Amino acid sequence: MSGFEPKTEVNIAGVTLKNPVMTASGTFGSGMEYGEFFDLSKLGAVVTKGVADVPWPGNPTPRIAETASGMLNAIGLQNPGIDVFISRDLPYLAKYDTKVIVNVCGHSEEEYLNVVRRLAETDADMLEINISCPNVKEGGIAFGTDPKAVEAITKAVKREAKQPVIMKLSPNVTDIKVMARAAEAGGADAISLINTLTGMKIDIERGKFALANRTGGLSGPAIKPVAVRMVYEASHAVSIPVIGMGGITSGEDAVEFLMAGARAVSVGTANFRDPLASLKVAEGIRDFLVRKQISDVNDIVGIVS
Amino acid sequence: MPLYISMEERMACGIGACLACVCKTTEEDGHSHVKNARICKDGPVFPAKEADLT
């Protein structure tokens, strides 16, 4: 048993991560705040908050509400815009030995491409395209709920991107396999899922919506079974790598996603309860491999079928 | 006599990363360069003239 150290490196679209644990976009900023709690070099990758081509102010408050085993959020993608991101946030992350995956958002294909083109001039390792943004040309419906839009935005981004492209899928669809296939058909190098499930909370004492935006995205342990199911379905629908997320709080949770078919996982909401959560998930995966005497994390990917 | 105001808003991370607990400000904030300060990180106490309570 002593001296047994499992291999934890994974490869996503040609990028080697030292371990399969990343951070979920929106929960980790661009790393500066959590960098005060632990060494970001211990993570496989940091996935940054979504960045648009100009600063977005986001939604009015209240932006969050606690729910059973989870939370709702309607931050509204507040972000400083690509200029500040490139000048301030990327140099901070470059100090660490972790991969940098930049999440991209926009209201139209042109806005996404503006960001993708700017990022092509940087050392960011990969792009994660957030298609849960409302598509203003289609009346505000999210890009990610129409397979034709998923394929089109993927194709457009792939034409201009320097880095490998991960399409982040919304779970608010009838059939996740259709969306996964659309991303693959558009040329995506990988897919990540799930984003948040649309939900609502009513404050019965005040007789009002709990969130100013009325609806928000549900995240946290409550969504894990939905996420595991969708990761399983998506990884059997496409041959590109799948990054799984949704309610992961421990190494054991992460192993479920890996066994379902994910090559890597993201930790999000758990960071709010414990800033060291992503680190503990990475350690927990390793502890599981040691306990089961599995020599390589890749040996458990997709074994449940 | 300078006036200060202590703000409160629901928080998730409490460390300035998630952008849940913002309050409107009269000046551009140092984080996102919009007019939203983070109550947990930039506050919770602000000079009253910087808080936009409209």
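Our structure is the block above this text.
What counts as what
- Residues numbered from 1 in each chain as written.
- Chains lettered and ligands numbered in written order.
- Predicted model: local features only at pLDDT ≥ 70, side-chain atom pairs only at ≥ 80, totals over all residues.
- Heavy atoms only, no water.
- Helix = DSSP H or I, 4+ residues; strand = E, 2+ residues; numbered from the N terminus.
- 1 Å grid on protein atoms, 1.4 Å probe; cavity = no way out; pocket = protein on both sides within 12 Å on 5 of 7 lines; lining within 4 Å.
- Points joined across faces, edges and corners; volume = space filled by probe spheres on them.
- Nonpolar A, V, L, I, M, F, W, Y, C, P; charged D, E, K, R; others polar.
- Contact = heavy atoms within 4.5 Å.
- Buried area = accessible area lost by both parts, 1.4 Å probe.
- Salt bridge = Lys/Arg side-chain N within 4 Å of Asp/Glu carboxyl O.
- Polar contact = N/O pair within 3.5 Å; in protein donor to acceptor, adjacent residues only side chain to side chain.

## As for unusual backbone geometry
Moving on, step 1. At the junction of Leu193 of chain A and Ile194 of chain A, the peptide bond is cis and its omega measures out at 10 degrees in the coordinates.
Moving on, step 2. By the element assignment, Ile194 of chain A lies in the loop between β12 (190-193) and β13 (197-200).
Moving on, step 3. Note that the residue after Gly43 of chain B, namely Pro44 of chain B, is joined by a cis bond; omega there is 5 degrees.
Moving on, step 4. For Pro44 of chain B, the position within the fold is in the loop between β3 (36-38) and β4 (45-47).
Moving on, step 5. Unusually for a residue other than glycine, Ser69 of chain A sits at a positive phi of about 50 degrees.
Moving on, step 6. Inspection of the secondary structure assignment puts Ser69 of chain A in the loop between β5 (64-67) and β6 (70-73).

## A word on the layout of surface pockets
All names here are of chain A.
Moving on, step 1. In this model, the second largest pocket occupies a volume close to 480 Å³.
Moving on, step 2. Residue lining of the second largest pocket: 22 residues in total, with Gly70, Met71, Thr269, Phe272 and Arg273 positioned closest to the centre.
Moving on, step 3. When residues of the lining of the second largest pocket are traced back to their parent elements, those giving at least two are β5, β6, α7 (270-273) and α8 (277-291).
Moving on, step 4. For the lining of the second largest pocket, the leading source of residues is β5, giving four residues.
Moving on, step 5. Across the lining of the second largest pocket, the residue classes break down as 10 nonpolar, seven polar and five charged.

## Here we look at the interface of chain A and chain B
Moving on, step 1. The interface is formed by 25 residues belonging to chain A together with 20 residues belonging to chain B.
Moving on, step 2. For the pair chain A and chain B, the summed buried surface comes to about 1800 Å²; carbon and sulfur atoms form 57% of the total.
Moving on, step 3. Three residues, Glu33, Ile64 and Gln78 of chain A, lead the burial of chain A against chain B; their summed loss comes to 30% of the area buried on that side.
Moving on, step 4. If you look at where chain A meets chain B, you find two salt bridges.
Moving on, step 5. Notably, a salt bridge pairs Glu36 of chain A with Lys41 of chain B, separated by 3.4 Å at the nearest N-O pair.
Moving on, step 6. Counting every contact that joins chain A to chain B gives 10 residue pairs in polar contact (both at pLDDT 80 or more).

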